[in-house]
Amino acid sequence: MITLEHVTKSYKGDVVALRDVSVEMKKGEFVFLVGPSGSGKSTFLRLLLREELPDTGRILVAGRDVARMSSWKVPYLRRNIGTIFQDFKLLAGKTVYENVAFALEVIGRPRHVIESQVPQILELVGLAEKGERFEYELSGGEQQRVSIARAFVNRPLILLADEPTGNLDPATAEGIMRLLDRINRTGTTVVMATHDEGIVNTMRRRVIELDRGMIVRDQARGVYGLPA
Amino acid sequence: MAFKLDYFARETFVSLRRNIMMTLAGILTVAVSLFLFGGVLLLSRMVDHGTARWKEGVELEIFFVTDPTQKQVQDIQAELDDAPSVKSYRFISKQKAYDLFREYFKDEPDLIEAVDPETLPPSFRVIPEDPALTKTIAAQFEGRPGVDQVLTAEEQVHRMLRAISWIRRLFFAISGILLASSLFLIVNTIRLATFARRHEIQIMKLVGATNWFIRIPFMLEGLIQGAIGAGLAFGAVYGLQQILSDLVQRSEGVFQSFFITTGDALGIGFIVLAIGAFVGVVGSAIGLRRFLDV
């Protein structure tokens, strides 16, 4: 589903974000990306979305060569990738329902599809009763659920999560993780960058650790820190 | 597709209303600059109509002394027949000259009363092959036996045409500057609109909206500003045409030839509309150039 071959990415001023990274993630995998701030986790995710281009190397996402893809095809790549963030990125002027519907509306989905899909996904994330609420009327956990609903409403093959629990207390974070786990079980590949040691140690999924742009550990059913 | 149109219409309208002051500024500048532009075109059209008459009309007139001999008139006529630079000519007899005089001054009977047909000189009205030859022809007949003087329309006409052409250039320059400033205003309006909606644009890009889908509401916004401004200018040009036509109809003699038709005004109106729409679309396209950086 996701393949990186010898990918190097540096930013202006010779800051190397990723150094010769090769890795493969299969369909339906749940992968934690761990490592200190600045280790290259966010760059990794941005490359998959083609928000950045690699300096060298090849990136395949859902069978497409992301780096060589012409830019007009990028939107169609992104329709296969759902993304959630630490800061949710909800639209303040829209209700929960409208936030989710917006994601379908702007990729030109017809009204009847939106009217059937949105209630379904709100049900899945446990917000069926809160469709008419606004962002400021929701707790942090609920806001993250809305953003997950928005990311997943189009049933993407891949879900990228950049520190999705970073702003949440442990109990709420656990609920979000259960939701991501459920989404993963539908066959969606989930890649989650995180600092949350407790979550990684509880879930026991594949862990890829980055340090200064290099993969220093790739472990099935891993934990956050190196085992002693 | 009907649904998308719905979406575009709604987004465009919301954005226009959100920046209402900037929107109005854009619309008014487009209107003023295009009105100036259209007005200049209209005046040019009038001048074209006016000078078209002059060009097929008399460029120079050879006046005889009050009582030239038959021989003197025949000599000049023979010479006119032979001159290759003369396209055509017409003899104005004493009586004909008097008739024309009465026509020109029909509102001043005292003046007509005072003139005796016998005191008016006969003349030839000459049309050259090429207006540029007027001076050459005039020189040829100046001072011939029986010829009193040769009057050319050229100097006055051309001085006027030069003045008009300068005015035309000046107005085109002013309307060009105004049009440029309306373009900048529209660019700025669209840039503000994209800034106000940068979060939405970010989400749209994230979930895979195509660039055209993101652009269209903003381009429509620019188009509408340009088109409304041009529409106002169209109306004003049409009004100006009515006023000028009215003035021309009430004017005398030579000014009658400076007519303009409703067709002229409509043609110019459509040019103005096209420019307005073009400015709107180009302005928003420039304003959108940076939205990819969001």
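The model shown is predicted, which means the values in this text are computed figures rather than measured ones.

Cut-offs applied
Residue positions within a chain follow its written sequence, with the count starting from 1. The naming scheme follows written order: chains are lettered A onward, ligands numbered 1 onward. Only residues with pLDDT of at least 70 get local features here, since the model is predicted, and only at 80 or more are side-chain atom pairs given and counted; chain-wide, interface and lining totals rely on the full set of residues. For the side-chain quantities, the full set of heavy atoms in the structure was used; hydrogens and water were omitted. Any two residues having at least one pair of non-hydrogen atoms within 4.5 Å are treated as being in contact. A simple way to read buried area is as the amount of 1.4 Å-probe accessible surface that goes missing from two parts once joined, with both sides added. A pair is scored as a salt bridge if a Lys or Arg side-chain nitrogen falls within 4 Å of a carboxyl oxygen belonging to Asp or Glu. A run of H or I in DSSP counts as a helix once it spans at least four residues, and a run of E counts as a strand once it spans at least two, with each numbered from the N terminus. Residues were grouped as follows: Ala, Val, Leu, Ile, Met, Phe, Trp, Tyr, Cys and Pro as nonpolar; Asp, Glu, Lys and Arg as charged; and all remaining residues, including Gly, as polar. For every residue, the accessible area (1.4 Å probe, protein chains only) is compared with the maximum for its type, and the residue is labelled buried under 20%, exposed over 50%, or partly exposed between those bounds. Only when DSSP finds a minimum of two bridges between them are two strands counted as paired. Orientation is described by lines fitted to C-alpha atoms, with helices fitted over the stretch in contact, and by angles between N-to-C directions that extend from 0 to 180 degrees. Only Phe, Tyr and Trp rings take part, Trp by its six-membered ring, and two of them pair if their centres are within 6.5 Å. Stacked means planes under 30 degrees apart, edge-to-face means over 60, and tilted covers everything else. Note on criteria: charge over ring means Lys NZ or Arg CZ within 6 Å of the ring centre, with the direction from the centre no more than 35 degrees off the ring normal.

Colleague: What should I look at first to understand the interface of chain B and chain A in this one?
Modeller: When the parts of a complex come together, some accessible area is lost, and that lost area is often taken as the interface size. Contact with chain B, which involves 17 residues of that partner, is made by 22 residues of chain A. Across the chain B to chain A interface the summed buried area is about 1,700 Å²; carbon plus sulfur atoms make up 67%. Between chain B and chain A we count 2 salt bridges in total. In this structure, R111 of chain A engages D6 of chain B in a salt bridge whose closest nitrogen and oxygen atoms are separated by 3.8 Å. Elements supplying a minimum of two residues to the side of chain B that touches chain A: α1 (2-18) and α8 (198-206) of chain B. At 7 residues, the largest contribution of residues to the side of chain B that touches chain A is made by α8 of chain B. Class assignment for the residues of the side of chain B that touches chain A results in 8 nonpolar, 4 polar and 5 charged.

Colleague: Honestly, the pairing of strand β3 (residues 123-128) of chain B in this entry has me stumped. Any pointers?
Modeller: On any regular strand, side chains alternate: one points to one face of the sheet, the next to the other face. Residue and element names in this part refer to chain B. Here β3 lies mainly inside the structure; 6 of its 6 residues are buried. Residues S123, R125 and I127 line one face of β3 and the alternating positions F124, V126 and P128 line the opposite face, and both faces are buried. Pairing between strand β2 (residues 86-92) and β3: 6 bridges, direction antiparallel. Across the sheet, the residue bridging to V86 is P128, located in β3.

Colleague: In this structure, what is going on with the sheet that holds strand β1 (residues 60-64) of chain B? I would like to understand it.
Modeller: Hydrogen bonds between backbone atoms are what pair the strands of a sheet, whose relative direction is either parallel or antiparallel. Residue and element names in this part refer to chain B. One open sheet holds the 4 strands; their spatial order is β2-β3-β1-β4, and the pairing between them is antiparallel. Of all the strands in the sheet, the pair left with one neighbour each is β2 and β4 (147-152). Here the average twist between neighbouring strands, direction ignored, is 20°. Strands β1, β2, β3 and β4 of the sheet are contacted by helix α6 (residues 134-141), whose axis makes an angle of about 175° with β4.

Colleague: Would you explain the packing of aromatic side chains in this entry?
Modeller: We describe a pair of aromatic rings using the distance from one ring centre to the other and the angle between the two ring planes. Under the criterion given, the structure shown has 10 aromatic pairs over all chains. Ring geometry for F64 of chain B against F124 of chain B: centres 5.8 Å apart, planes inclined by 65°, an arrangement best described as edge-to-face. Here F124 of chain B lies in strand β3 and F64 of chain B lies in strand β1, a separation of 60 residues in the sequence. The two residues F64 of chain B and F124 of chain B agree in class, both being buried. Linked through ring pairs, F64, Y89, F91 and F124 of chain B together constitute an aromatic cluster. Directly above the aromatic system of F85 of chain A lies the positively charged group of K89 of chain A, at a separation of 4.9 Å from the ring centroid. Cation over ring: R198 of chain B sits above F195 of chain B, and NZ or CZ is 4.0 Å from the ring centre.

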